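Fold and geometry: a report
Given next are the chains, with one letter for each unit.
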Amino acid sequence: MSEHVALYDTTLRDGAQQEGISLSVADKLAALPIVDELGVDYIEGGWPGAIPKDTQFFQRARGIQLHHARLTAFGATTKAGVRASEDRQVAGLAESGASVVTLVAKSDPRHVTRALRTTLEENLRMVRDTVEYLTGEGIDVMVDLEHYFDGLAFDPSYGIEVMLEAARAGAVAVIPCDTNGGNLPSTIGALTARSRQALDEVGCGLTVLGIHAHNDTGCAVANTIAAVEAGARQVQGTVNGYGERTGNANLLTCAANLQIKCGFDVIPDDALSSLDSVSHRIAELVNITPFARDPYVGTSAFAHKAGLHASAIRVDPDLYQHIDPALVGNGMRMLVSEMAGKSSIELKAEELGIDLTALPNAAGVLAAKVKEREAAGYTYDAADASFELLALGELGQMPRFVRVESWKVTTQEIAEVKGDPFAESEATVKIHTERRHIRTAEGNGPVNALDRALRHVLTRDYPVCASFKLSDFKVRILDEDRAGTDSTIRVLIETTDGHRSWSTVGIGTDIIEASWEALFDAYMWGLLHSGVAPLLRE
């Protein structure tokens, strides 16, 4: 039976320290069952007694049943010169209702004397007293050893003294922290092994040794793996690697590596396939776009672009994939670009459910078409929806929902009687379905005006279009050897209906022309997948 490594999630506290993340009590309560679904052992909820919002969170969290994790409170050891039983901050931890408390303790002598402004002996007393007090209250206590690895580089013994003091006082786990994130795997591995040996030598063999890594050198996950290989059996981290500066160890990557690559028992087998879902749901909750190139769970993690790869994947997907993406709830994606050959087109068509048998040598024809259009400036590896429309059009399988008669946009400066002048954009769209439609709309800029006019006119006969919303808009100037205003413009648009998102591309000699093409494709793809019947009368 494989050995268990406990996962400790600190997304709700340490992860929330990331620039741009601000979690309300409701956000934290919503995140609890999502992270619990992953099968982690501990979820750190915050610092009750010190932060009012976290105190409220722990009060309300008592009504939420967790199936895997134990909700953990975070706090500090008692103050210098104060008994733990008389420290209000410690009392707040005891009163939180959490059955597990993680204390942060100074383990670098420089921080003890300069930050805490106390003696090394008093710091040991603070650790011992707080652990013993909370343990006496029936709480499982763990101790985060702040600046542990940097401290040992300065003083080879004091951090170990702090660790042993916590273990002897009854801490169930001690967790060395690479707080500044500046260490490398070789150092982390060697000092973790030394720490494990020190615990065993004083009779604390049952005390769990952990690891808390930050990513300032880009090595947080590697440092975590090195620590586990050296004897750590608890891993602290955050979903998607959120955290201050460059973030914490990505708990999802750590879980997958430890379970799939290293053979440890980390999370339930059926929870492993939820990695992708957990990643994206937490990203949605914190309102940060998921990073496409995240290992295991990113949308690009199993994406293949080169034609050589596609040829091999048709024979055996494992030839260019380190695992089956389904293991972590992800999927393989084929990217179509100027590098695409017939194999890439065939795999992409299969992925999209497109029948290539309607056209002789369809894959070859489409591959040539893609190369021709990418040479003109299109990019299909970032615009699957536009490729699907292109393929269906070439195969004669694309329904015609509308016929465009004309469109135009005007922008004019309006002089205010008082205040500064402002620009106003107006777009007019004329299209045919079962009848002729004309719609004019104003907008905050020409693209917004076009979008509003097109949505309004299409919604008359295709009400589903009212749910289509432009969610992202990117512009790039091509032809770098020409003057910027005389170059080809490429526009990438992402659209959503609230349930799914799709990307389209347009090019033109100006931003309006390129935007129209990408917008029009976006609406056509949305209609194609909405299940509505075309109403166009030719």
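Above this text is the structure in question.
About the criteria used
- Residues numbered from 1 in each chain as written.
- Predicted model: local features only at pLDDT ≥ 70, side-chain atom pairs only at ≥ 80, totals over all residues.
- Heavy atoms only, no water.
- Salt bridge = Lys/Arg side-chain N within 4 Å of Asp/Glu carboxyl O.
- Buried < 20%, exposed > 50% of the residue type's maximum accessible area, 1.4 Å probe, protein only.
- Helix = DSSP H or I, 4+ residues; strand = E, 2+ residues; numbered from the N terminus.
- Core = buried A, V, L, I, M, F, W, Y, C linked by side-chain atoms within 4.5 Å.
- Contact = heavy atoms within 4.5 Å.

Regarding the pattern of salt bridges
Across all of its chains, the model carries 22 salt bridges by this definition. In this structure, D108 engages R110 in a salt bridge whose closest nitrogen and oxygen atoms are separated by 2.8 Å. On the accessibility criterion, D108 (1% relative accessible area) is buried. By relative accessible area, which is 27% here, R110 ends up partly exposed. A salt bridge links R128 to E165; its shortest N-O distance comes to 2.7 Å. One end of the pair, R128, is in helix α5 (residues 120-136); the other, E165, is in helix α7 (residues 158-169), with 37 residues separating them in the sequence. Note on R128: relative accessible area 29%, which makes it partly exposed. What emerges from the salt-bridge pattern is a single network uniting R13, D14 and E44.

Digging into the environment of N287
Secondary-structure assignment places N287 in the loop between α12 (275-286) and β9 (303-304). Since its relative accessible area comes to 69%, N287 is described here as exposed. Once the C-alpha coordinates of N287 and L71 are considered, the two residues, 216 residues apart in sequence, prove to be 23 Å apart.

Re the nonpolar core
In terms of nonpolar packing, the biggest core is built from 88 residues, with F57, M163, V235, L275 and I282 touching the most fellow members. Here this core gets 8 residues from one element, more than from any other, and that element is α7. Residues within four places of F57 in sequence aside, it is in contact with L12, V25, K28, L29, L32, G45 and L71. Grouped together as the second largest cluster of nonpolar side chains are 33 residues, A441, L450, I512 and W516 included.

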